[in-house]
Structures are given as C-alpha cells and as structure tokens.
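# Overview (structure and organization)
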Amino acid sequence: MKAVILISGRGSNMEALLKADIPVEFAVVISNRPDARGLETARSLGVATAVVDHRGHADRKAFDAALAAEIDRHAPDLIILAGFMRVLTADFVRRYQGRMINIHPALLPAFPGLDTHARVLAAGVRVHGCTVHFVTPEVDVGPIIIQAAIPVLADDDEASLAARVLEQEHRVYVQAVRWFAEGRLTLRADGSVAVAGVARQVTALISPPPDAR
Ligand code: GRF
C-alpha cells in the first residue's frame, strides 16, 4: 500500500506515521509551505519531500490542480492530511473520495474549524478529543473512522489540552492508517464506516469522575 502525506507545519502526526510499524510505503510528504518544519523531519527519516506552494497559484483551482499532479505522480492508494491547512475544492476532494483521510483536534461533529481547544474551554465541555475521518467536500465533515476522548481537567489551558489531545492524535492516526492498509475499513451506504475485526469495548469516560462510594 502506497500513501502520500500532506502537511503545512510542524508535522508531528506525519512523524508518528512515518515511524510507525505499519505496512505502508510513504512515497512522499508534500507541503504547501516551503518553510514547514515537518519537511526537514521527513527528510531526516529518509522520506522524499515536495513543495506545492499555494502562493504561486492564482486561485484554489490552480493550486489544487498542481497538488493533484504532484500526488498522482506517485499513484497513491491513500492520501493522508496531517495538519494540512488548506481548504480543498470539491473537485479535488471528489477525485480522492474514499481514499483521503484527515485528523481533526476535536470530537466531530462538535467543534469543526480552527482553535478547537480554546473553544472547548470556553464552552465548558468536560470531554474533548480528536477524530480521524474520510474527507468529503464540506470541511471537517465526513465518515468517522476513529475517535479518542480525553477529560477536560479543571486546570487545563489551551496548551495543556492541545498536548494531551495531540498524544491521542498520534495513536489514533496510526491505527486508522493501519486499518486502511489492512483493508478493514468499509464505507457504508449511510455514510458511516465499518471497521472489521475490532474488539467490543464498553467502558465509559466520565468527566469529572464521580465520587467513589
Ligand atoms: C493537529 O492538531 C491536527 O489535528 C490539526 O493540526 C495539527 C497538526 O499538528 N489538523 P502536526 O503538524 O501534525 O504536528
């Protein structure tokens, strides 16, 4: 199975994937920003990199065409968005529908969009997390593959929350890509995702925890 990873910045999810023991050949890491820190990380791990700079293109359509050309050179089975901060045109998304996935730092469909950790704190919700989903033309919507939930602690700030969510992002993204590579994900007609061969889990995360009695 061949995959490409798209990044815009730090690339810690990318790094977790590149270092994971999964049956995937990572053909290239593509960034829309030449200064993305993750490019250096990818190179240091022996993975090819490419830059498709959005600033060099007249509009979204032209950028997406250049990006698709770079992706298609590698004929990937899977396109992984990992902190890729560009809104993609519907045509681009449709071209890769069912084989393009994204990670979002919130429990979708709650808190789509940017600044999720600050918005979570402002809303006072007690449980937060992250979501890996198939990409559809609408941003941060799309069939959910896996989520991780964490409690929001009384003394959490944006940074502490982001750090604990990120730790889970790295776990669930690796798991989702492994499932994809193993052919265990099926998109159902109703828009949900079936995962073959997973254990049944019936524990609950209660936050704050109830008193022990
Ligand atoms: C992650 O929180 C991801 O969920 C969001 O952007 C951040 C990227 O971090 N889409 P990194 O570049 O993977 O370190």
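Predicted model only: the values in this text are computed from it and were never measured. (Residues numbered from 1 in each chain as written. Predicted model: local features only at pLDDT ≥ 70, side-chain atom pairs only at ≥ 80, totals over all residues. Heavy atoms only, no water.)

### Looking at the site of the ligand
Taken together, Arg 10, Gly 11, Ser 12, Asn 13, Gly 83, Ile 103, His 104, Pro 105 and Glu 169 make up the full set of residues adjacent to the ligand. Contact between the ligand and Ser 12: an oxygen atom at 2.6 Å from a side-chain N or O atom of the residue. Within the backbone of Asn 13, one N or O atom sits 2.9 Å away from an oxygen atom of the ligand. Protein coverage of the free-state accessible area of the ligand, which is 370 Å², stands at 84%. In a pocket analysis with a 2 Å cut-off to the grid points, the ligand is assigned to the largest pocket. Secondary-structure elements contributing two or more residues to the shell around the ligand are α1 (12-19) and β5 (100-104). Two domains each provide a minimum of three residues to the shell around the ligand, namely domain 1 (1-96) and domain 2 (102-213). (Near = heavy atom within 4 Å. Polar contact = N/O pair within 3.5 Å; in protein donor to acceptor, adjacent residues only side chain to side chain. Areas by Shrake-Rupley, 256 points an atom, 1.4 Å probe, with all protein chains shown as cover. 1 Å grid on protein atoms, 1.4 Å probe; cavity = no way out; pocket = protein on both sides within 12 Å on 5 of 7 lines; lining within 4 Å. Sits in = over half its atoms within 2 Å of the grid points. Helix = DSSP H or I, 4+ residues; strand = E, 2+ residues; numbered from the N terminus. Domains from an automatic or database assignment.)

### Brief notes about the pairing of strand β2 (residues 25-31)
Burial of β2 is extensive: six of the seven residues sit out of reach of the surface. Pairing analysis gives six bridges linking strand β1 (residues 2-7) to β2, with the strands arranged parallel. In the strand pairing of β2, Leu 6 is matched with Ile 30. Where the polypeptide runs from β1 across α1 and back to β2, its parallel neighbour, the crossover connection is right-handed. (Buried < 20%, exposed > 50% of the residue type's maximum accessible area, 1.4 Å probe, protein only. Pairing = 2+ DSSP bridges. Right-handed = clockwise from strand over helix to strand, strands pointing away.)

### A short note on the packing of α1 against helix α6 (residues 158-181)
Taken N-terminus to C-terminus, the directions of α1 and α6 make an angle of 45°; their axes are 9 Å apart at the nearest point. Looking at the two axes, α1 sits oblique to α6. Judged by the twist between their axes, the crossing of α1 over α6 is right-handed. Along its contact with α1, which presents Ser 12, Asn 13, Ala 16 and Leu 17, the element α6 presents Leu 166, Glu 169, His 170, Tyr 173, Val 174 and Val 177. Residue classes in the contact of α1 with α6 are distributed as six nonpolar, three polar and one charged. (Axes fitted to C-alpha atoms, helices over the stretch in contact; angles between N-to-C directions. Parallel < 35°, antiparallel > 145°, perpendicular 65-115°, else oblique. Left-handed = near helix turned anticlockwise from the far one by under 90°. Contact = heavy atoms within 4.5 Å. Nonpolar A, V, L, I, M, F, W, Y, C, P; charged D, E, K, R; others polar.)

### Description of the nonpolar core
Core analysis: the biggest nonpolar cluster contains 42 residues, and Ile 5, Ile 80 and Ile 145 have the highest contact counts within it. By residue number, the principal contributor to this core is α6, which donates nine residues. Counting residues domain by domain, this core receives three or more from each of domain 1 (1-96) and domain 2 (102-213). The residues touching Ile 145, leaving out its near neighbours within four places in the chain, are Ile 101, Val 132, His 133, Phe 134, Ala 176, Trp 179, Leu 185, Val 193 and Val 195. In terms of nonpolar packing, the next biggest core, distinct from the first, is built from 20 residues, Ala 50, Ala 68, Ile 79 and Leu 81 among them. (Core = buried A, V, L, I, M, F, W, Y, C linked by side-chain atoms within 4.5 Å.)

### Here we look at helix α2 (residues 37-44)
Turning to α2, its buried residues number three or more, namely Gly 38, Leu 39, Thr 41 and Ala 42. Down the axis of α2, the sector holding all buried residues measures 165°, keeping them to one side. Exposed residues lying more than 90 degrees from the buried face of α2 are Arg 37 and Ser 44. Among the structural elements, β1, α1, β2 and β3 (49-51) are those in contact with the buried residues of α2. Positive backbone phi, at 80°, marks Gly 46, one or two positions downstream of α2. (Arc of directions from axis to C-beta.)

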